[in-house]
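Residue-level structural notes
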Amino acid sequence: MLRFLLFEFIEEINVISDCLGDLQIGTFKPRVVSVQNTDTIAQALSLMRKHQVSSVPVLDNDGRVLDIFCETDLIDNSLMSPRNGIDPHSSVEDLLAGRPQVRKQLHTCYLSDPMSLVLKKFGSTKSHRLVCIDSDGGLLGIVSLTDVFTFFIIGKASSLA
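Residues numbered from 1 in each chain as written. Predicted model: local features only at pLDDT ≥ 70, side-chain atom pairs only at ≥ 80, totals over all residues. Heavy atoms only, no water.

With that settled, the discussion passes to the sheet that holds strand β6 (residues 129-133). Taken together, the four strands give an open sheet; going across it, the order is β1-β7-β6-β5, and neighbouring strands pair in mixed fashion. The open sheet is flanked by β1 (27-28) and β5 (108-109), the only strands paired with a single partner. Two elements, β1 and strand β7 (residues 139-144), share two bridges in a ladder whose sense is antiparallel. Among the inter-strand pairings, F28 is bridged to a residue of β7, identified as G141. Here helix α7 (residues 145-154) sits on the sheet in contact with β1 and β7, set at roughly 65° to β7. (Pairing = 2+ DSSP bridges. Helix = DSSP H or I, 4+ residues; strand = E, 2+ residues; numbered from the N terminus. Contact = heavy atoms within 4.5 Å. Axes fitted to C-alpha atoms, helices over the stretch in contact; angles between N-to-C directions.)

Right under this line is the structure:
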C-alpha cells in the first residue's frame, strides 16, 4: 500500500514537500502515551490496553526516547525462550535488552521532515510507526502508517491540494 502511495500519488499531491508539523499527521503531546525504561512489563501492558495502542515509546529519566516497546516484543521473547517465560515484574528495559539487534524497532522523524522523507523512512524501514523527536531526542509524538493512509486516502490531503 505504501509503495502504491509513493509511486502513484507522489507527483500529484502538493503536500509532499510540506513538513510533518504543518500537516499535523500523527498523535502528539499531550495525547501520546509513553513509559519509562524502568516501568514493568505489566505497567506498560496495562497502559497500552487502557489507551488501545500496540506500542509505546520508552523514555529515560530525562524524557529522551530510548526505544519503542511493542506487543510483538512479547511474542518474539516467548518464541526465543519459551521455557523461561516472561516475568511481568521485570522492566521494559530488561525485555528490550534481550531483543536481537536485527529486530530493533525504533525509527524516528522530526516535525521539520518533509512528508516525502517521512514516506521514504516508512518504505525503507518497513516500520509501522515513526517516533517524532525533538533535537535533544525528546518525545514529541508518533506517526503511524494508519495516520499517513488516513491523511492521503480519506482526509486532509485532498482538501490541502
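Turning next to the sheet that holds strand β2 (residues 35-36). Hydrogen bonds along the backbone pair up the strands of a sheet, which may run parallel or antiparallel. If you walk across this open sheet you meet the three strands as β2-β3-β4, and the pairing is mixed. Because the sheet does not close on itself, it has two edges, and the strands there are β2 and β4 (65-70). Relative to strand β3 (residues 55-59), β2 is paired through two bridges, and the arrangement is parallel. Following the sheet pairing, Q36 is matched in β3 by L59. Sitting on the sheet, helix α3 (residues 41-51) is in contact with β2, β3 and β4, with an inclination near 70° to β4.

This part covers helix α6 (residues 115-125). Within α6, burial applies to M115, S116, V118, L119, K121 and F122. Just beyond α6, the residue with positive phi is K126, at close to 55°. (Buried < 20%, exposed > 50% of the residue type's maximum accessible area, 1.4 Å probe, protein only.)

What is expected of a backbone is that most residues other than glycine have negative phi and most peptide bonds are trans. The omega torsion across K29 and P30 is 5°, close enough to zero to call that bond cis. Along the chain, P30 falls in the loop between β1 and β2. Here Q24, not a glycine, exhibits a phi torsion of approximately 55°, which is positive. Tracing the backbone shows Q24 in the loop between α2 (20-23) and β1. In this model, K126 sits at a positive phi of 55°, which is unusual for a non-glycine residue.

Interpretation in functional terms is not warranted from these geometric data alone.
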